[in-house]
Amino acid sequence: MIAALVVAAVVAAVAVVLVVVARRPRRRPAPARKLLVPFTGGHLDPRVLEAAIRIARAEDALLVAAYLVRVPLDLAPEAPLAREVEVALPLLEEVEQAALKAGVQVDARIERGRTATHALRKLWEVERFDQLLVPAPTERSPGLAPKDVAWILEHAPAETVVIKPAPPVPQAA
Amino acid sequence: MPRGRHRILLGAAAGVGKTYRMLQEGRQARKEGVDVVIGYLEPHERPETAVLAEGLELVPRLRTAHGRMQLEEMDVDAVVRRAPELALVDELAHSNVPEARNRKRFEDVVEILDAGIDVVSTVNVQHLESLNDTIFELTGVRVRETFPDRILDEADEVVLVDLSPEALQTRLRAGKVYRAERVETALTNFFRLENLGALRELALREVAEDVGERRRVGIVDPGTQSAVRERILALVSPEPRSQRILRRAWRSSQRLGAELDALWVRPPGSELTPDEEVSLAALRRLASILGAHFLERDGDDLAAGVKEVAAERGATYVFLGTPDESRRKEILRGSLVSRLVRELPGIDIRVVADRGLRKERT
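Scoring rules and cut-offs
- Residues numbered from 1 in each chain as written.
- Chains lettered and ligands numbered in written order.
- Predicted model: local features only at pLDDT ≥ 70, side-chain atom pairs only at ≥ 80, totals over all residues.
- Helix = DSSP H or I, 4+ residues; strand = E, 2+ residues; numbered from the N terminus.
- Buried ≥ 20, exposed ≤ 12 C-beta atoms within 10 Å, placed from the backbone.
- Contact = placed C-beta atoms within 7 Å.
- Core = buried A, V, L, I, M, F, W, Y, C linked by C-beta atoms within 7 Å.
- Pairing = 2+ DSSP bridges.
- Axes fitted to C-alpha atoms, helices over the stretch in contact; angles between N-to-C directions.
- Parallel < 35°, antiparallel > 145°, perpendicular 65-115°, else oblique.
- Left-handed = near helix turned anticlockwise from the far one by under 90°.
- Nonpolar A, V, L, I, M, F, W, Y, C, P; charged D, E, K, R; others polar.
- Expected span 1.5 Å × (residues − 1).
- pLDDT = per-residue confidence, 0-100.
- Right-handed = clockwise from strand over helix to strand, strands pointing away.
- Arc of directions from axis to C-beta.

1. A few points about the overall build of chain B
Then comes step 1: In terms of regular secondary structure, chain B is built from 15 helices and 13 strands.
Then comes step 2: A total of 362 residues make up chain B; the buried ones form 37% of that total.

So this is what it looks like as structure tokens:
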């Protein structure tokens, strides 16, 4: 009788363990390809983000969203940049939420340099990317300047796509 | 026997005048009737320094054969035997020859202090262990000679020997720091204005923190000291999701006015994959942008490593990501979170969710 109870208890315990193991959420392996989306100026156009997510999902790529911060010349190149970080954090959270909601793995970063292109160059010197997706400059966007995009097109180490941001929403009369 | 008092003269870089100041203090003390000896002096071939050392008793150095070379180190036993009231010891972070009893000079100084002798010593901020990564990122130079932060914490006084970066460059150009043939290289490498500015800021911050800490100790019961000053410890590992943990921890540190440390406990002998190398480098960059201190420890027991670092850094708040451990390990050894709760009494613990694992509401 006691032996039967012991066996039953053991079987129950094993069953509980198996159920628990089976329920554990699994982290997906990191994708092999990487799509870099550099942006700056306290803004990432929704259309660019949408395109980035779509491409990353189609290519099964890791979306690396890099907010580029400019370090003024009167500061040391590695000085902490609290004010810029304050601007960047909500944007990175937004990118992460949108990407993860769409089932795309994301690595949201802040990268810095003396200029946006300097930050970008330092980044791709140490990391390989398979594709770049760059927001096109517009008059109303405070992001990358036309000369930055021209520089990226000339120097980028991977295929580069420039995406036109969404047109301005017409004001109600 | 009461322990000797330790006064550290901290500088931003070589040439700011630490050794000079140490000798001035030695001379002044002798004038006031104190029995002073030079335990170890690094004259750096600087004539002004040599002149200032004249007349101060120099304890003969210990000569040690190292291969074919004869190297000289401070003779700790001779200093202790001589039993002066005050010993002057240059270059606290210096590594002794392998044949020496102590590996580092700061260990020699501890012996002298334990013998009841007061010590005035010198060191540059770049040698501070916790700043090693920051210094590497700032200057591109990996400093090999380091000393533990506790030596600074335990010192009775830390005094900043300050010189503006411009003035230091002027001294360098005038040949007062290095020989003429080394000046140009120094100016274009380590002694660049931006490097010197950043190092000076670090040195100022260290001394300011030290002063703040001492003031606090004076007014607050030491038993409750760690609870007064918030300090956050974020546990990271070389993977993209750690970026978010560190960012979240930074947000809280801003709200609490707390210092932020990022800790990676590296399993011994672990080889990083190229992706992990990239993630680790990105984390270091983020820590630097956030003004956080990036710490790396070897250890196969994460909870024990965290416990040790939390005690060392005075952490009051620990941030970690959703633990990645297997259920089997969790059942057999207890979950990491519950272990941390047990091991870190009085410390807040916050688990930052992995958004990738979240199930959307349908």
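Next comes the rest of the description.
2. Looking at the overall build of chain A
Then comes step 1: The helix and strand tally for chain A stands at five helices and five strands.
Then comes step 2: Counting contacts in chain A only where the partners sit at least 6 residues apart, residues at least 24 apart contribute 77% of the total.

3. Brief notes about the nonpolar core
Then comes step 1: Within the largest apolar cluster, 75 residues are counted, with the highest numbers of intra-cluster contacts made by Leu63(A), Ala234(B), Leu246(B), Ala262(B) and Val318(B).
Then comes step 2: When residues of this core are assigned to their parent elements, the largest contribution, eight residues, is made by strand E2 (residues 61-70) of chain A.
Then comes step 3: Those residues in contact with Leu63(A) that sit more than four places away from it in its chain are Leu35(A), Val37(A), Ala52(A), Ile53(A), Ala56(A), Ala99(A), Val104(A), Gln105(A) and Val106(A).
Then comes step 4: Judged by nonpolar contacts, the second largest core, of 54 residues, contains Leu41(B), Ala87(B), Ile117(B) and Leu152(B).

4. Quick notes on the sheet that holds strand E12 (residues 317-321) of chain B
All names here are of chain B.
Then comes step 1: An order of E11-E10-E9-E12-E13 is seen for the five strands of this open sheet, with the pairing classed as parallel. Edge positions in the sheet fall to strand E11 (293-298) and strand E13 (348-352), since each of these pairs with one other strand and no more. On average, each strand axis in the sheet is tilted by 25° relative to the strand beside it, whichever way the strands run.
Then comes step 2: For E12 and E13, the ladder comprises five bridges, and the chain directions are parallel. Bridge pairing links Phe-319 to Arg-350 in E13.
Then comes step 3: In this fold helix H11 (residues 241-256) packs onto strand E9 (231-235), strand E10 (259-266), E12 and E13, with an angle of close to 155° to the strand it touches most, E12.

5. Here we look at the packing of helix H3 (residues 82-101) of chain A against H11(B)
Then comes step 1: Packing of H3(A) against H11(B) brings their axes to within 11 Å, and their N-to-C directions diverge by 135°. The angle between the axes of H3(A) and H11(B) places the two elements in the oblique class. H11(B) is crossed by H3(A), and the crossing has left-handed handedness. Residues Val85(A), Leu89(A), Leu92(A) and Glu96(A) of H3(A) touch H11(B), and the partners they reach there are Arg244(B), Arg247(B), Trp250(B) and Arg251(B).
Then comes step 2: Of the residues contributing to the contact of H3(A) with H11(B), the split by class is four nonpolar, no polar and four charged.

6. A short note on the sheet that holds strand E8 (residues 157-161) of chain B
Residue and element names in this part refer to chain B.
Then comes step 1: Reading across from one edge, E3-E2-E6-E7-E1-E8 is the order of the six strands in this open sheet, with parallel pairing throughout. Of all the strands in the sheet, the pair left with one neighbour each is strand E3 (57-58) and E8.
Then comes step 2: Here helix H1 (residues 18-31) sits on the sheet in contact with strand E1 (6-11), strand E2 (36-40), strand E6 (86-89), strand E7 (118-124) and E8, set at roughly 165° to E7.
Then comes step 3: Packed on one face of the sheet, helix H4 (residues 105-114) meets E1, E2, E6 and E7 and runs near 165° to E7.

7. Thoughts on the packing of H11(B) against helix H12 (residues 274-290) of chain B
All names here are of chain B.
Then comes step 1: In the contact formed by H11 and H12, the axes pass within 10 Å of each other and the chain directions differ by 15°. In terms of axis orientation, H11 runs roughly parallel to H12. Viewed along their axes, H11 and H12 form a crossing whose handedness is right-handed. Taking contact as the criterion, the partners of Ser-242, Gln-243, Leu-246 and Trp-250 in H11 are, on H12, Ala-282, Leu-283, Leu-286, Ala-287 and Leu-290.
Then comes step 2: Across the contact of H11 with H12, the residue classes tally to seven nonpolar, two polar and no charged.

8. Thoughts on helix H2 (residues 46-59) of chain A
Residues and elements named next belong to chain A.
Then comes step 1: In this model, H2 (14 residues) spans 20 Å end to end at C-alpha, consistent with the 20 Å of a helix rising 1.5 Å per residue.
Then comes step 2: Against the buried residues of H2 lie strand E1 (33-39), E2, H3, strand E4 (131-135) and strand E5 (159-163).
Then comes step 3: One or two residues past the end of H2 sits Asp-60, with phi positive at roughly 50°.

9. A few points about unusual backbone geometry
Then comes step 1: Within the chain, Asp60(A) stands out as a residue other than glycine whose phi angle is a positive 50°.
Then comes step 2: With respect to the helices, strands and loops of the structure, Asp60(A) is situated in the loop between H2 and E2.
Then comes step 3: Phi at Ala83(B) is positive, roughly 50°, even though this residue is not glycine.
Then comes step 4: Here Ala83(B) shows up in the loop between helix H3 (76-82) and E6.

10. Observations regarding the confidence of the model for chain B
All names here are of chain B.
Then comes step 1: Confidence in the prediction of chain B, expressed as mean pLDDT, is 84, and 90% of residues score 70 or more.
Then comes step 2: Model confidence for chain B, summarised as mean pLDDT per element, is weakest for helix H10 (residues 225-228) at 43 and strongest for E6 at 96.
Then comes step 3: When the criterion is pLDDT under 50, residues 219-228 qualifies, and its contacts beyond four places in sequence or with other chains add up to ten contacts.
Then comes step 4: For this predicted complex, the interface confidence comes out at an ipTM of 0.78, alongside a pTM of 0.53.

11. Considering the pairing of E2(A)
Residue and element names in this part refer to chain A.
Then comes step 1: Across the ten residues that make up E2, a large majority, eight, are buried.
Then comes step 2: Pairing analysis gives seven bridges linking E1 to E2, with the strands arranged parallel. Looking across to E2, one finds that Leu-35 is bridged to Leu-63.
Then comes step 3: Bridging between E2 and strand E3 (residues 106-113) involves eight bridges; their strand directions are parallel. Considered in E3, the bridge of Val-64 is made with Asp-107.
Then comes step 4: For the handedness criterion, the β-α-β arrangement of E2, H3 and E3 is classed as right-handed.

12. Comments concerning helix H13 (residues 302-313) of chain B
Given 3.6 residues per helical turn, the α-helix brings residues three or four places apart onto the same face.
All names here are of chain B.
Then comes step 1: Taking 1.5 Å of rise per residue, the twelve residues of H13 would be expected to cover 16 Å, and the 16 Å separating its terminal C-alpha atoms lies within 8% of that figure.
Then comes step 2: Here H13 has its buried residues at Leu-302, Ala-303, Gly-305, Val-306 and Ala-310. Buried residues along H13 cover an arc of 155° about the axis, so they all sit on one side.
Then comes step 3: In this structure, the buried side of H13 is in contact with E9, E10, E11, E12 and helix H15 (336-343).
Then comes step 4: Looking at the residues trailing H13, positive phi occurs at Gly-314, about 70°.

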